[in-house]
Amino acid sequence: MTANASSPVRTRFAPSPTGFLHLGGARTALFSWAFARHHQGTFVLRIEDTDVERSTPEAVQAILDSMDWLGMQPDEGPFYQMQRMDRYREVIAQMLAAGTAYHCYSTPEEVEAMREAARARGDKPRYDGTWRPEPGKTLPPVPEGRKPVVRFKNPQTGATAWNDLVKGPISFDNGELDDLIIARPDGTPTYNFCVVVDDWDMGITHVLRGDDHVNNTPRQINILRALGATLPEYGHVPMILGPDGEKLSKRHGAVNVMEYDREGYLPEAMINYLARLGWSHGDDEIFSREQLVEWFDTLHLSKSASQWDPKKLNWVNAHYIKQMDPAELARRVARRIAARGGRPEKTDLPGVMALLKDRAETLEQLADGAMLFCGEFKPASPELAAQHLTERAREALADFAARARDADWTRESISALIKAVLADRGLKMPQLGIPLRVAVTGQAQTPAVDAVLALLGKETVLARLEAAQGSR
Ligand code: GLU
């Protein structure tokens, strides 16, 4: 799918690169991405890096990596706000010229005193408008040598309202909104102002973002209006809470999205799971990326906070693992096996995946399981051997080995062979199954023994059986 220039829909994801991309950010990005895709529109990535103290190139890279991993590539961008400073200054100059913004020479101390005075009167603490130009008003003399800030001349009456795509109608009294500082004394633009200019310049039609931004929206709308810009629609998504109902913390999910890659979650499962945090399509829990795009119209975004549920994420991940092609799983798990010092090429890895995938919740678990076939063989401990490789068991193993030499080596033929030994020797399955596991894998518990033996290969199995007999 690619962007379609004829679709009017343009969304953006606008992270501040002050840290990795966490779950909340990833979900915001996902909603903006899916909405753009649904309308064959354009998804823009904008890096809001004007907080130079806290923004880092590593964080930018972490965000790009995460979006890449989740398959949410932008159609336009990444744009960097730090590269757009000239444009912001240009718009500030235009606003000053148009009278929609003004220089304010009050010092921070003076503004604090104004706020204090307002508080003492029982009013909302705010800037008192000393430098706000009004018809017929004489402004104070400009203090010598003092650099002004630029303030936006916010409307003082009426209300600023919008019909939020998530929360419904929202309205703020303009009287409650301060004349926002849009440029600092050194001329650098402030946060809300950069967002406004960017959303305007980038032709953003729909802003989907976290509801921690609700208070910024009336300020941004008023500036957009002053600029004569077309307003985007806004949708503010409630936050994600931890399983305990508290704010998401490191303990449960406020971690780097890439951590989920390290822990063996599939991006497919992450997307599916993240989408369900605050959005629904009937009772559907499992859906593909394509279905999400087909269904994602924002109309089913929840007004209430959603809760992070690691068990459900595991369930979704297990589902995707189970239905994934074993060869594809093998491709994804190979590097994890190598990281454990195993040799993925040592075995029929897709066969191993087919054996393990129904019981694995993560790719890491698959890699752990695959080490039985790709790792160094560690013979059973003397205790385990003494417990399971009894005289009777050794006889059965010798019998099995003798018959195995000329047998076919498929799971089915091995199963038949085991059954034949059991029948002839009057044994029950565990009486041969467990000694076989102990002798051949060094462990008493493994997946189905016939499948394990088939995957290990006849030569390996016979050699290990012989070694186990010799270890007496
Ligand atoms: N840069 C802001 C953040 O990371 C988002 C701005 C926006 O979406 O309007 O929270």
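In space, the three strands of this open sheet follow the order 4-5-8, with antiparallel pairing throughout. Of all the strands in the sheet, just strand 4 (101-104) and strand 8 (181-183) have a single pairing partner and so form its edges. Averaged over all pairs of adjacent strands, the angle between strand axes in this sheet comes to 45 degrees, irrespective of strand direction.

With respect to the helices and strands, the residue Glu58 is situated in helix 2 (residues 57-69). For Glu58, a relative accessible area of 57% corresponds to the exposed category.

All right, on to the site of the ligand then. Neighbouring the ligand are the residues Arg12, Ala14, Pro15, Ser16, Glu48, Tyr191, Val195, Arg209 and His213. For the ligand, a nitrogen atom lies 2.7 Å from a polar atom in the backbone of Ala14. When the ligand is considered free in solution it has 300 Å² of accessible area, and contact with the protein chains removes 81% of it.

Moving on: the environment of Asp211. Inspection of the secondary structure puts Asp211 in the loop between strand 9 (206-210) and helix 6 (216-226). Relative accessible area serves as the criterion here: at 24%, Asp211 is assigned to the partly exposed category. Leaving out residues up to four positions away in the same chain, Asp211 has contacts with Lys167, His236, Val237, Pro238 and Met239. Only 3.0 Å separates the side chain of Asp211 from the side chain of Lys167, close enough to count as a polar contact.

The description of two packed helices rests on the angle between their axes and on the distance between the axes. Orientation of helix 15 (residues 391-404) relative to helix 17 (residues 429-441), taken along the N-to-C sense of each, is 80 degrees, at an axis distance of 9 Å. If you check the angle between helix 15 and helix 17, you find them roughly perpendicular. Contacts between helix 15 and helix 17 involve Arg392, Ala393, Ala396, Leu397 and Phe400 from the first element and Gln431, Leu432, Pro435, Leu436 and Ala439 from the second. Residue composition of the contact of helix 15 with helix 17, grouped by class: eight nonpolar, one polar and one charged.

Moving on, we get to helix 2. Given a rise of 1.5 Å per residue, 13 residues ought to cover 18 Å, and the 18 Å separating the end C-alpha atoms of helix 2 matches this to within 8%. Every buried residue of helix 2 is listed here: Ala59, Val60, Ala62, Ile63, Ser66, Met67 and Trp69. Positive backbone phi, approximately 75 degrees, marks Gly71, located one or two places after helix 2.

At a minimum axis separation of 9 Å, helix 5 (residues 191-201) and helix 6 run at an interaxial angle of 55 degrees. On the basis of their axis angle, the class for helix 5 and helix 6 is oblique. Between helix 5 and helix 6 lies a crossing of right-handed hand. Together, Tyr191, Asn192, Phe193, Val195, Val196 and Trp200 of helix 5 and Asn216, Arg219, Gln220, Ile223 and Leu224 of helix 6 make up the contact between the two elements. The class makeup of the residues in the contact of helix 5 with helix 6 is seven nonpolar, three polar and one charged.

Conventions used here
- Residues numbered from 1 in each chain as written.
- Predicted model: local features only at pLDDT ≥ 70, side-chain atom pairs only at ≥ 80, totals over all residues.
- Heavy atoms only, no water.
- Pairing = 2+ DSSP bridges.
- Helix = DSSP H or I, 4+ residues; strand = E, 2+ residues; numbered from the N terminus.
- Axes fitted to C-alpha atoms, helices over the stretch in contact; angles between N-to-C directions.
- Buried < 20%, exposed > 50% of the residue type's maximum accessible area, 1.4 Å probe, protein only.
- Near = heavy atom within 4 Å.
- Polar contact = N/O pair within 3.5 Å; in protein donor to acceptor, adjacent residues only side chain to side chain.
- Areas by Shrake-Rupley, 256 points an atom, 1.4 Å probe, with all protein chains shown as cover.
- Contact = heavy atoms within 4.5 Å.
- Parallel < 35°, antiparallel > 145°, perpendicular 65-115°, else oblique.
- Nonpolar A, V, L, I, M, F, W, Y, C, P; charged D, E, K, R; others polar.
- Expected span 1.5 Å × (residues − 1).
- Left-handed = near helix turned anticlockwise from the far one by under 90°.

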